[in-house]
Amino acid sequence: MAKTGFLPKEKIKEFLDGLSKDAVVHVPVQEGEVVSFKPYGADTEICLTRPANTSPKSVIYPQCDRLLSFEMTKDPDDPKKVSITLSDKRDYPKAVIFGCRPCDAKGFDIFDRVFVETDTADPYYSEHREKTTIVSLACETPFAACFCVAVGGGPADKTGSDVLMTPVQGGYFLEAITEKGEKTLAVGGVQDGASQEGAAKKVQAEAAGKVKNPFPADATEKVNDELFDTDEFWQQVAGKCISCGACTYLCPTCYCFNITDEHGMNSGERIRTWDACMFNHFTLEASGHNPRPVKSRRLRQRVGHKFNYYPKKYDGVIACCGCGRCIRHCPVSVDISEIAGYLKDPKQDPKQWTAKNTKA
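Residues numbered from 1 in each chain as written. Predicted model: local features only at pLDDT ≥ 70, side-chain atom pairs only at ≥ 80, totals over all residues. Heavy atoms only, no water.

A. How the structure looks around the pattern of salt bridges. Within the structure shown, the criterion is met by 17 salt bridges. We note a salt bridge from Lys 13 to Asp 17, for which the minimum N-O separation is 2.9 Å. Within this pair, Lys 13 and its partner Asp 17 are both found in helix H1 (residues 12-19), separated by four residues, close to a single helical turn. For Arg 270, the salt bridge identified is with Asp 261, shortest N-O distance 2.7 Å. Note on Arg 270: relative accessible area 34%, which makes it partly exposed. Judged by relative accessible area, Asp 261 falls into the partly exposed class, the value being 36%. Through salt bridges with shared partners, a single network forms among Asp 88, Arg 90, Glu 127 and Lys 131. (Salt bridge = Lys/Arg side-chain N within 4 Å of Asp/Glu carboxyl O. Helix = DSSP H or I, 4+ residues; strand = E, 2+ residues; numbered from the N terminus. Buried < 20%, exposed > 50% of the residue type's maximum accessible area, 1.4 Å probe, protein only.)

B. Main features of helix H10 (residues 295-313). Maximum bend of H10: about 60 degrees, positioned at Gly 304. Burial within H10 is extensive, with 14 of its 19 residues counted as buried. Directly beyond the C-terminal end of H10, a positive phi value near 50 degrees is found at Asp 315. (Bend = angle between axes of the 7 residues up to and from the residue.)

C. Seen up close, the packing of helix H3 (residues 102-115) against helix H4 (residues 123-130). Between H3 and H4, whose axes approach to 10 Å, the crossing angle comes to 140 degrees. It follows from the interaxial angle that H3 and H4 lie oblique. For the pair H3 and H4, the crossing hand works out as left-handed. Contacts between H3 and H4 pair Phe 108, Asp 109, Phe 111, Asp 112 and Phe 115 from the former with Tyr 125, Ser 126 and Arg 129 from the latter. (Axes fitted to C-alpha atoms, helices over the stretch in contact; angles between N-to-C directions. Parallel < 35°, antiparallel > 145°, perpendicular 65-115°, else oblique. Left-handed = near helix turned anticlockwise from the far one by under 90°. Contact = heavy atoms within 4.5 Å.)

D. Layout of the packing of H10 against helix H12 (residues 336-344). Closest axis-to-axis distance for the H10/H12 pair is 11 Å, and the angle between their directions is 70 degrees. Accordingly, the angle class assigned to the pair H10 and H12 is roughly perpendicular. For the pair H10 and H12, contact is made by Leu 299, Arg 302, Val 303, Lys 306 and Phe 307 and by Ile 336, Ile 339, Ala 340, Leu 343 and Lys 344, respectively. Within the contact of H10 with H12, the residues separate by chemical class into seven nonpolar, no polar and three charged. (Nonpolar A, V, L, I, M, F, W, Y, C, P; charged D, E, K, R; others polar.)

E. Up close: the packing of aromatic side chains. By the definition in use, this model includes 20 aromatic pairs. With centroids separated by 6.4 Å and ring planes inclined at 50 degrees, the aromatic side chains of Phe 147 and Phe 215 adopt a geometry described as tilted. In this pair, Phe 147 sits in the loop between strand E7 (132-137) and strand E8 (163-168) while Phe 215 sits in the loop between helix H6 (197-210) and helix H7 (225-228), placing the two residues 68 residues apart along the sequence. Here the two residues Phe 147 and Phe 215 agree in accessibility, since each one is buried. When the centroid spacing of 5.6 Å and the interplanar angle of 85 degrees are considered together, the rings of Phe 228 and Trp 234 count as edge-to-face. By relative accessible area, which is 2% here, Phe 228 ends up buried. Residue Trp 234 is classed as buried on the basis of its relative accessible area, which comes to 2%. Put simply, the rings of Tyr 61, Phe 108, Phe 111, Phe 115, Tyr 125 and Tyr 255 touch in pairs and so form one group of aromatic residues. Just above the ring of Trp 274 sits the side chain of Lys 57; from NZ or CZ to the centre is 4.6 Å. A cation over a ring is seen here: Arg 272 above Phe 257, with NZ or CZ 5.3 Å from the ring centre. (Phe/Tyr/Trp six-rings, centres within 6.5 Å; stacked < 30°, edge-to-face > 60°. Lys NZ or Arg CZ within 6 Å of the ring centre and 35° of its normal.)

F. Region of interest: a nonpolar patch on the surface. There is a patch of nonpolar side chains on the surface, built from Val 82, Ile 84 and Leu 86 and spanning about 290 Å² of accessible area. Along the polypeptide, Ile 84 turns up in strand E5 (residues 78-87). Given a relative accessible area of 52%, Ile 84 falls into the exposed group. (Patch = residues over 30% accessible without salt bridge, like charges linked within 9 Å, V, L, I, M, F, W, Y side chains within 5 Å. Areas by Shrake-Rupley, 256 points an atom, 1.4 Å probe, with all protein chains shown as cover.)

G. Local environment of the sheet that holds strand E10 (residues 257-263). Spatial ordering of the open sheet is given by E5-E4-E11-E10, a layout of four strands whose pairing is antiparallel. The open sheet has two edge strands, E5 and E10, and neither has a second partner. When the angles between neighbouring strand axes are averaged without regard to direction, this sheet yields 25 degrees. Pairing between strand E4 (residues 64-75) and strand E11 (residues 267-274): seven bridges, direction antiparallel. If you follow Arg 66 over to E11, its bridge partner there is Ile 271. (Pairing = 2+ DSSP bridges.)

H. Structural detail: the nonpolar core. Phe 233, Trp 234, Leu 299, Val 303, Phe 307, Ile 339 and Leu 343 are the most contacted members of the largest nonpolar core, which has 29 residues in total. Elements represented by at least two residues in this core include exactly H7, helix H8 (231-237), H10, helix H11 (325-328) and H12. Here this core gets four residues from one element, more than from any other, and that element is H12. Every residue in contact with Val 303, bar those within four places of it in the chain, is listed here: Trp 234, Asn 308, Ile 336, Ile 339 and Leu 343. (Core = buried A, V, L, I, M, F, W, Y, C linked by side-chain atoms within 4.5 Å.)

I. Here's a closer look at the side chain of Arg 129. Relative to the assigned elements, Arg 129 resides in helix H4. Apart from residues lying up to four places away in sequence, Arg 129 is in contact with Ile 60, Phe 108, Asp 109, Asp 112, Ile 134, Gly 160 and Lys 180.

See below:
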């Protein structure tokens with residue numbers, strides 16, 4: 001039986017202070033109209049009333065991450081000989097992500113299959129992941145553009161979390177999902193939660209019933225391959241896209257990256273930075289050729305990775321958590337759930353798209 005607890009609202013500071021003793025705690029903080037994750041401090045005011053504008057993926061998958069440093073030393077007796085010393089020292093601190101949403105936590109489950117559950121596990125991501133504890137907050141009500149239930153999630157989904165918090169009268173019901181989560185419940189401020197479990201389950205059930213599924217009622221699990229391969233379809237749905245890439249940076253499940261060497265005269269660092277398939281230069285080759293020269297091809301890649309390629313590789317798992325950020329914050333309101341709905345609609349006829357002569 002899972003270990004549970006109850007965290008009164010007035011005990012949140014005590015709880016976070018306890019977590020902060022041996023870890024960097026990242027909490028949602030509102031600044032103006034934007035909520036984002038910031039390191040917790042004594043005077044930090046956290047915001048748990050609305051989901052963050054940005055996902056907390058940068059805690060485990062930094063936007064800019066040093067992979068190694070290098071130093072080149074010339075042989076004083078033979079300047080043509082150069083020795084290179086490499087160092088990939090990783091001294092990542094323990095971390096806690098507190099108050100993210102279940103869709104955010106599920107995003108790390110998508111990452112894990114690529115960076116951890118493989119024969120060539122990524123040591124940098126793996127260490128960040130191992131040292132991070134995720135305390136997610138179940139949603140009481142859906143927010144604009146949320147569609148988590150359509151992609152196998154829900155407002156109280158436990159996937160990827162170590163602890164799931166559910167709002168109840170006077171505080172939060174806590175449920176440990178992993179061993180790390182059980183240790184977290186031993187921190188100061190947490191009380192016995194047995195009496196709150198029933199109320200929490202009621203909140204979770206009511207919230208699940210409020211989330212709308214934007215996909216057709218008879219939607220198929222897989223996309224329509226014929227429609228997916230129809231250029232005219234992508235030309236139409238990508239017509240208003242401006243290729244800004246905001247969707248990929250805000251997305252909890254996007255992990256495209258670039259690697260560069262930044263160095264001076266004799267030393268430097270190898271850096272991994274976020275990149276995006278929506279950018280024109282992402283697939284630009286040294287020869288000048290670009291296999292995805294137009295935005296319709298790039299949007300096809302973004303949607304296809306989440307709803308076609310990833311599911312085919314990982315037993316039907318969709319690489320989208322349905323958080324709706326890419327819809328809410330897109331400057332021209334491109335709706336990925338609408339596009340995926342077209343692709344999964346068994347009534348869609350690819351011929352209707354090929355009959356249109358639109359351009360990207």
